[in-house]
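# Working through the structure, step by step
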Amino acid sequence: MILVGLNLRPALSSLAPVLTRIQQDTGLPAVAIGALTTLPVLCLGLFAPLAPWLAKRLGPERALAAALLLLAGGLLLRGIPAVTALFLGTLMVGAAIGVAGTLLPALVKRELPTGADLMTGVYTMALCLGGALGAGLSIPLADRLGGWPLGLASWATLALLALVAWGALAPRRERTALPGGGGSMREILGQPLAWQVMLLMGLQSSLAYIVFGWLPTLLVARGYSEAEAGWIMGASVMVQLVSALSAPWLARLGRDQRPALCLALGVTASGLWLLLQAPTTLRWPGALLLGLGQGANFSLALTLIVLRSGTSRLAGKLSGLAQGGGYTLAALGPLGVGVMLQLDLGLTLITAFLLTICALAATFALFAGRNRRLEIDAAGRVTTR
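Residues numbered from 1 in each chain as written. Predicted model: local features only at pLDDT ≥ 70, side-chain atom pairs only at ≥ 80, totals over all residues. Heavy atoms only, no water.

In terms of helices and strands, the protein chain carries 18 helices and 2 strands. In terms of overall size, the protein chain behaves like a compact globule, its C-alpha atoms giving a radius of gyration of 19 Å where 385 residues would be expected to give roughly 21 Å. The burial tally for the protein chain puts 56% of its 385 residues in the buried class. Across the protein chain, contacts joining residues at least 24 apart in sequence account for 83% of those joining residues at least 6 apart. As displayed, the protein chain has an accessible area near 14500 Å², and 68% of this comes from carbon and sulfur atoms. (Helix = DSSP H or I, 4+ residues; strand = E, 2+ residues; numbered from the N terminus. Rg over C-alpha atoms; globule rule 2.2 N^0.38 Å. Buried < 20%, exposed > 50% of the residue type's maximum accessible area, 1.4 Å probe, protein only. Contact = heavy atoms within 4.5 Å. Areas by Shrake-Rupley, 256 points an atom, 1.4 Å probe, with all protein chains shown as cover.)

In structure tokens, the structure reads:
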């Protein structure tokens, strides 16, 4: 599970540092580059709801293996220096990550029911490490391998390694869906708690994918070199390891997760402001705060999926809803920043846009962070307790 988590971000974070090179080599306008950053996030949302269906048809272990295979194929396709291959490979990558990322919380809930929140922090830490490696090594790999296409394709090696390891070490279960009966998606959609978790997931993910897709470009606009911008983002993502692992423990200290969520979002907002508006001498404290905040945001959002679900089956369906609807909403963030750059609206308005997203996420955190849970009653219906 940790090795799978390590693969869920390099395909996304490795793209951002080479966007300038892609635009120069292909001649794509800023709106098309914005679409390239938005496409994988949109695919996360569109394909995440398929994960419970695939788990039912193939079994969750085989469904996850198929997602890893699709991820490797998409990464290899991006190694072809053609615009069509770049977009198609990115679509495949987004679909694969959407399915794999949705299956993991349900598998964690099934295999480690009493420590699901802490295990979520562990594999989220691996996910953040993968994101940091993708951001920091993107430019060096492109330089060493002779161009951005082979640099992007090289991450298929890590995906294939995870596929081999998953095939050898995955839990051996019969070809059945995740256990636990009852609880249709329609009933889950009727619970306000499910919508609150989804909207929180979407808003904090929007911030994350804006950072993955556009932070290096925004930093270059502030006057940093391409390489330094990549390392700033890489350092920020690397710091996420600390907060991704520690956030579930922090959340256990209170009666619910509201204080931890609001603290994480406040730290995120502070980091964004320091990087985009404060003097450039404060770039490293800004990167530190942004990393601590975003690592905690994502870890806590994934943890909420398992904490707000009474069974692994409900966790799988809530994961599909939260990540499917959430990532679809999140796709609007990178697209919005791309449009703002195309219109040359400036860093001040972009910063205000990002801080507004932080404020909205904090609002929904006050609802989703309450100590409540989706359960299945004696009649087999979904209720909130």
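What follows concerns empty space enclosed by the protein. Over the atoms rolls a probe the size of a water molecule, and in doing so it shows where empty space is left. Within the structure shown, the criterion is met by 7 cavities of 30 Å³ or more. Lining the largest cavity are Arg9, Leu127, Cys128, Gly131, Ala208, Val211, Phe212, Val237, Gln240, Gln294 and Phe298. Elements represented by at least two residues in the lining of the largest cavity include exactly helix H8 (116–145), helix H12 (192–221), helix H13 (226–251) and helix H15 (283–307). Classifying every residue of the lining of the largest cavity by side-chain character gives 7 nonpolar, 3 polar and 1 charged. (1 Å grid on protein atoms, 1.4 Å probe; cavity = no way out; pocket = protein on both sides within 12 Å on 5 of 7 lines; lining within 4 Å. Points joined across faces, edges and corners; volume = space filled by probe spheres on them. Nonpolar A, V, L, I, M, F, W, Y, C, P; charged D, E, K, R; others polar.)

In contact at an axis separation of 11 Å, helix H3 (residues 19–26) and helix H4 (residues 30–47) are set at 130° when each is read in the N-to-C sense. Taken together, H3 and H4 sit at an angle that is classed as oblique. Note on packing geometry: the crossing formed by H3 with H4 is right-handed. Touching Leu19, Ile22 and Gln23 of H3 are Ala30, Ile33, Leu36 and Thr37, all from H4. Of the residues in the contact of H3 with H4, the class split is 5 nonpolar, 2 polar and no charged. (Axes fitted to C-alpha atoms, helices over the stretch in contact; angles between N-to-C directions. Parallel < 35°, antiparallel > 145°, perpendicular 65-115°, else oblique. Left-handed = near helix turned anticlockwise from the far one by under 90°.)

Let us now look at the state of the cysteines. The full count for this structure, using the stated rule, is 0 disulfides. In this structure Cys262 is a free cysteine whose sulfur lies 12 Å from that of Cys358, the closest cysteine sulfur available. Its relative accessible area of 29% is what places Cys262 among the partly exposed residues. (Disulfide = S-S within 2.5 Å.)

A few words on the confidence of the model for the protein chain. Taken residue by residue, the protein chain gives an average pLDDT of 84. The fraction at 70 or more is 95%. In this model residues 175–180 is a low-confidence stretch, pLDDT under 50, and it forms 20 contacts with partners more than four residues away in sequence or in other chains. (pLDDT = per-residue confidence, 0-100.)

Further remarks concern the pattern of salt bridges. Overall, the coordinates contain 3 salt bridges when judged by the stated rule. For Asp143, the salt bridge identified is with Arg21, shortest N-O distance 2.9 Å. A residue pair is termed long-range when its members are at least 10 positions apart, and Asp143 in helix H8 and Arg21 in helix H3 qualify at 122 residues. Across the salt bridge formed by Arg258 and Asp256, the nearest N and O atoms sit 2.6 Å from each other. (Salt bridge = Lys/Arg side-chain N within 4 Å of Asp/Glu carboxyl O.)

A positive phi is found at Asp344, a non-glycine position, where the angle reads about 55°. Tracing the chain through its elements places Asp344 in the loop between helix H17 (332–342) and helix H18 (347–368). Here Asp344 falls in the exposed class, since its relative accessible area comes to 68%.

The next thing to look at is the environment of Lys109. Positionally, Lys109 belongs in helix H7 (residues 83–111). Since its relative accessible area comes to 12%, Lys109 is described here as buried.

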